[in-house]
There are 4 protein chains.
Amino acid sequence: MKPLIVLNFKTYAESTGANAVKLATIARKVATDSGVTIIVVPQTADIFQVSHQVELPVYAQHVDGIKFGGHTGHILAEALAEAGARGTLINHSERRLQLAEVDAANEAAKRAKLETIVCTNNIATTKAAASLRPDYVAIEPPELIGSGIPVSKADPAVVSGAVDAAAGVKVLCGAGISKGGDVKAALELGADGVLLASGVTKATDPEAALRGLVAFA
Amino acid sequence: MKPLIVLNFKTYAESTGANAVKLATIARKVATDSGVTIIVVPQTADIFQVSHQVELPVYAQHVDGIKFGGHTGHILAEALAEAGARGTLINHSERRLQLAEVDAANEAAKRAKLETIVCTNNIATTKAAASLRPDYVAIEPPELIGSGIPVSKADPAVVSGAVDAAAGVKVLCGAGISKGGDVKAALELGADGVLLASGVTKATDPEAALRGLVAFA
Amino acid sequence: MKPLIVLNFKTYAESTGANAVKLATIARKVATDSGVTIIVVPQTADIFQVSHQVELPVYAQHVDGIKFGGHTGHILAEALAEAGARGTLINHSERRLQLAEVDAANEAAKRAKLETIVCTNNIATTKAAASLRPDYVAIEPPELIGSGIPVSKADPAVVSGAVDAAAGVKVLCGAGISKGGDVKAALELGADGVLLASGVTKATDPEAALRGLVAFA
Amino acid sequence: MKPLIVLNFKTYAESTGANAVKLATIARKVATDSGVTIIVVPQTADIFQVSHQVELPVYAQHVDGIKFGGHTGHILAEALAEAGARGTLINHSERRLQLAEVDAANEAAKRAKLETIVCTNNIATTKAAASLRPDYVAIEPPELIGSGIPVSKADPAVVSGAVDAAAGVKVLCGAGISKGGDVKAALELGADGVLLASGVTKATDPEAALRGLVAFA
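Residues numbered from 1 in each chain as written. Chains lettered and ligands numbered in written order. Predicted model: local features only at pLDDT ≥ 70, side-chain atom pairs only at ≥ 80, totals over all residues. Heavy atoms only, no water.

**Student:** Even after reading the chapter, I still don't get the relation of the copies chain C and chain D, so can you show me in this structure?
**Tutor:** Put simply, the two copies of the chain differ by a rotation about an axis and a shift along that axis. Its rotation angle being 180 degrees, the transformation that places chain C on chain D also includes 0.0 Å of axial translation and leaves an RMSD of 0.0 Å. Here the transformation between the copies is reduced to the relation of a two-fold axis. Ranked by how close their C-alpha atoms come to the rotation axis, the residues of chain C are headed by A45 of chain C, at 2.5 Å. Same-surface contact between copies: 100% of interface residues of chain C are shared with the interface of chain D. (Least-squares fit on C-alpha atoms with pLDDT ≥ 70 in both. Contact = heavy atoms within 4.5 Å.)

**Student:** Explanation requested: the arrangement of the chains in the structure shown.
**Tutor:** Across all C-alpha pairs, the smallest distance from chain B to chain C is 15 Å, and the two are not in contact. Taking C-alpha atoms as the reference, chain A and chain D come no closer than 15 Å and do not contact one another.

**Student:** Explain the relation of the copies chain A and chain B to me, please; I cannot follow it from the model alone.
**Tutor:** Here chain A sits on chain B after a turn of 180 degrees about the axis and a move of 0.0 Å along it, with an RMSD of 0.0 Å. The fraction of interface residues of chain A whose copies in chain B are also interface residues reaches 100%, indicating that both copies meet through the same surface.

**Student:** I would appreciate a short explanation of the nonpolar core in the present structure.
**Tutor:** Across soluble globular proteins, nonpolar side chains have a tendency to be buried as a group. The biggest cluster of nonpolar side chains holds 268 residues, and the ones touching the most others in it are I5 of chain A, I5 of chain B, I5 of chain C together with I5 of chain D. Residue contacts for I5 of chain D: discarding those within four places in its chain leaves V36, T37, I38, I39, V183, V194, L196, L210, L213 and V214 of chain D. (Core = buried A, V, L, I, M, F, W, Y, C linked by side-chain atoms within 4.5 Å. Buried < 20%, exposed > 50% of the residue type's maximum accessible area, 1.4 Å probe, protein only.)

**Student:** Would you explain the environment of S160 of chain A in this entry?
**Tutor:** Residue and element names in this part refer to chain A. Position of S160 among the secondary structure elements: in helix α7 (residues 156-165). Taking relative accessible area as the criterion, S160 reaches 27% and is therefore assigned partly exposed. Distance from S160 to C119, taken between C-alpha atoms, is 16 Å for residues 41 residues apart in sequence. Within the structure, S160 has its side chain in polar contact with the backbone oxygen of A157 (distance 3.4 Å). (Helix = DSSP H or I, 4+ residues; strand = E, 2+ residues; numbered from the N terminus. Polar contact = N/O pair within 3.5 Å; in protein donor to acceptor, adjacent residues only side chain to side chain.)

**Student:** I would appreciate a short explanation of the interface of chain A and chain B in the present structure.
**Tutor:** Many authors give the size of an interface as the accessible area that is lost as the parts come together. At the interface, 33 residues of chain A touch 33 residues of chain B. Regarding the contact of chain A and chain B, the summed buried area is about 2800 Å², with carbon and sulfur atoms giving 59% of it. Among the residues chain A hides against chain B, the three largest losses belong to T11, F48 and T72 of chain A. Together they make up 23% of the total. Taken together, the connections running from chain A to chain B amount to zero salt bridges. Remark: the boundary between chain A and chain B carries 18 residue pairs in polar contact (both at pLDDT 80 or more). Top element by residues in the side of chain A that touches chain B is helix α3 (residues 77-83) of chain A. It accounts for three residues. Residue classes in the side of chain A that touches chain B are distributed as 12 nonpolar, 16 polar and five charged. (Buried area = accessible area lost by both parts, 1.4 Å probe. Salt bridge = Lys/Arg side-chain N within 4 Å of Asp/Glu carboxyl O. Nonpolar A, V, L, I, M, F, W, Y, C, P; charged D, E, K, R; others polar.)

**Student:** Explain the side chain of R96 of chain D to me, please; I cannot follow it from the model alone.
**Tutor:** As for its placement among the helices and strands, R96 of chain D is situated in the loop between β4 (87-90) and α4 (99-111). Notably, R96 of chain D is buried but unbridged: the nearest opposite-charge side chain belongs to E140 of chain D, and the N-O separation is 6.2 Å. Setting aside chain neighbours within four positions, we find R96 of chain D in contact with Q98 and A100 of chain B together with N91, C119, T120 and N121 of chain D. (Lys, Arg positive; Asp, Glu negative; His and termini not counted.)

**Student:** Mind showing me how you'd approach the pairing of strand β5 (residues 115-120) of chain D here?
**Tutor:** In summary, the side chains of a regular strand alternate between the two faces of the sheet. Residues and elements named next belong to chain D. The buried count for β5 comes to five of six residues, which makes it a mostly enclosed element. Bridge count for β4 against β5 is four bridges, and the pairing is parallel. Note that in β5 the partner of L89 across the bridge is I117. Handedness of the β-α-β unit built from β4, α4 and β5 comes out right-handed. Where β5 and strand β6 (residues 136-139) come together, four bridges link them in parallel fashion. (Pairing = 2+ DSSP bridges. Right-handed = clockwise from strand over helix to strand, strands pointing away.)

**Student:** Can you help me understand the pattern of salt bridges in this one?
**Tutor:** Oppositely charged side chains can form a pair if their charged atoms are brought close together. Scanning the entire structure with this criterion turns up 35 salt bridges over all chains. As a salt-bridge pair, E78 of chain B and R111 of chain B come within 3.0 Å of each other at their nearest N and O atoms. Taken together, the residues E78 of chain B in helix α3 (residues 77-83) and R111 of chain B in helix α4 (residues 99-111) connect sequence positions 33 residues apart. When its relative accessible area of 35% is taken as the criterion, R111 of chain B is described as partly exposed. The partner of D182 of chain D in a salt bridge is K153 of chain D, with the nearest N and O atoms 3.8 Å apart. One end of the pair, D182 of chain D, is in helix α8 (residues 180-188); the other, K153 of chain D, is in helix α6 (residues 151-154), and 29 residues separate them in sequence. For D182 of chain D, a relative accessible area of 4% gives the class buried. We classify K153 of chain D as exposed; its relative accessible area is 53%.

**Student:** Any chance you could explain the environment of A154 of chain A here in plain terms?
**Tutor:** Residue and element names in this part refer to chain A. With respect to the element layout, A154 can be found in helix α6 (residues 151-154). For A154, a relative accessible area of 41% puts it in the partly exposed group. Distance in space between the C-alpha atoms of A154 and G176 is 9.2 Å, their sequence separation being 22 residues. Those residues in contact with A154 that sit more than four places away from it in its chain are L144 and I149.

**Student:** What am I meant to see in the packing of α4 of chain B against helix α5 (residues 123-130) of chain D here?
**Tutor:** Axes are the key here: two packed helices are described by the angle between their axes and the distance separating the axes. It is the contact of α4 of chain B with α5 of chain D, at a shortest axis distance of 10 Å, that shows an interaxial angle of 130 degrees. Relative to α5 of chain D, α4 of chain B is oriented oblique. α4 of chain B and α5 of chain D meet at a crossing whose hand is right-handed. Contacts from L99, A100 and D103 of chain B of α4 of chain B reach α5 of chain D at A124, T125, A128 and A129 of chain D. (Axes fitted to C-alpha atoms, helices over the stretch in contact; angles between N-to-C directions. Parallel < 35°, antiparallel > 145°, perpendicular 65-115°, else oblique. Left-handed = near helix turned anticlockwise from the far one by under 90°.)

**Student:** Explain the pairing of strand β2 (residues 37-41) of chain B to me, please; I cannot follow it from the model alone.
**Tutor:** By the criterion of burial, β2 of chain B is predominantly enclosed, with four of the five residues buried. Each parallel crossover has a hand, and the one from strand β1 (residues 4-8) of chain B via helix α1 (residues 18-34) of chain B to β2 of chain B is right-handed.

**Student:** Just to check I follow, could you spell out the interface of chain C and chain D for this structure?
**Tutor:** Taken together, the contact between chain C and chain D spans 33 residues of the former and 33 residues of the latter. Between chain C and chain D the total buried area reaches about 2900 Å² when both faces are included, carbon and sulfur atoms providing 59% of it. Remark: the boundary between chain C and chain D carries zero salt bridges. Linking chain C with chain D are 17 residue pairs in polar contact (both at pLDDT 80 or more), by the criterion used here.

As structure tokens, then:
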């Protein structure tokens, strides 16, 4: 099975504006060469540019659980879709939502035909999030984020436990992923792919980092 | 004196995506014909498109008080600027910020050379916001928002009080503004312009509504 | 079966401070006379006083998902328990929590031996909340809160749907409950009891209102 | 001049429940012996108990900007006052509020005759907070909190700058305060006192720590 690689651009200088287009172009090349699906997740302000210049699925980093109306400063699913997004993260650890908002955001995304990845922090919240039937849940144990220690090795039980808890919803895992072996371990535990950021965006050579990630596939 | 008209697109269907470009194009026409400065404030996802297709100052609806880094789902001042924004609202009534965040967002915007309009709800918070030295404060008494009753008529003392409290920072007023007379009254009370949304975006004929607003100027 | 009546004191004048003690005393009398369990839910500042002066189970209105430490202004489960609380609401519609916080608050409460009622707004979030295994979920459709129309009559399918979704976790229902017939209807739909506030606290005669509620039992 | 010592109990095990009463009793002894005013700031659940058992001014750690009504899980100024609080912190770094909420909380507190200390993070927000006319502002530079380095020594200019910016509102300083010399330095810079927590609550001998703090006075 080919893994799904979801590359979160966060708000790094290396992946903002023109750099977002550059990084997505690199990702496009690696995706084409390897046959692995890579999703890029730029900032909201960069979605239009990236999706119109690079042929690769683009996800948003966040969507609010709102409808058309008076919601100044919020992120509307329909605006993301029209700007070229194909999906969205929801409830990322850096942008947590209330339980009712996770549900509303997931419904808003579906209404606009956006695919959804709901992020979670442990097995219990993975089960809760999966019960809302998003396309994916992405489990990232907070203690491993930015640790350089891949969750698939540091705590394999949390990945396989999340796969069980998700009851059929596909599972991605994040936190500490940077090498092909980490991806391989994740797949062997039942995950469908990985969600990562700094391992690629902050790498000295992002293309080499991405090629390493998909090498084993 | 010519007033400043700040047109908030919010997340209305009439001002999202392609409709945002259309509405900005109308605003551009009215601005050119009248010589009045009109600033358009589309959603973050629409800034790139609007600023690249329409020659008019574009502001963002919100900016977070962050720097480059790991802030998934947040709005970075540098990304707004690179997408074509010239300024940003901060602390809109539909997107309130903590006091320390208002300060940090104002500083982040300045760092990225974005002009700032900090929104407030009464004279006391106008004084507090003005002490942070944004380019503008925009006072919108919450009880008048969406009331159809212009603040410049319903409560003139709150506008002139805000102008005093702002101690030299320019003041816009909002809530219930829809006609040229409302703008005129605001200027006579010491305001530099108005912040409005539905009076134009939801009007049957937005162009006529905008022309009415600037007619007296 | 006897229903469980959970009486939320909110922050009403009629149920703050000395009035909280008075209302709890009335509830105690009705509970004793009827044999129905009534739980009172005063504000945090009133828990000590109510629990030490009235012999009735006292729940808190909110608990944070924190441990002992530096959390100024937050509500610690251990402090609630030591003040006399036997349980707590979590995620009430007027005090929503992030998904990860609902989980953390539920765990914090269990650690301090507090029973938990997680509030939800629809069937999907009821399923999600129930997967965290609180003692109860309490479903309150937001469109019915304060409507005077009991959820058990306005939308019986949402109550029976919540009972199914809760997969064995006991279900309370709220929103619009004020009469014994509302409670009876709720139990017939599979609920174990009701969560209510203004129907009793704001009643001209709270004792009569409470007696009416438990009359059918 | 005698300094004001404000002792924040936070949610430490050493200052929760019965321990809150014990620590307040120690503070009462030191205050009586030294003639220095010490204000204790226990958790909301402990205010009733502490204020009824110890003769010392008690402040709350947080108050919401609400009135009597439907605000489940929020902290009502009137409930704090009736439980025995004489004042309250507002906008502590661990419980930040939106700008409009800081104003509303300050007004709510005044309405209930509670004194107010609004916490801030830098000179700009101190000026903003002081413009709301609370009884005190307390500046705590975030980079020094928990550092063990007293703000009065690490960054004296931030204290004297805050005193200037406060324009007549009394200033407390916090972050890193643990010794009498830190208090003395704060007073010499124009502050009226200090806000501290772990330097006393987590000390091996809290009484000795408190005596050290007031020694120079």
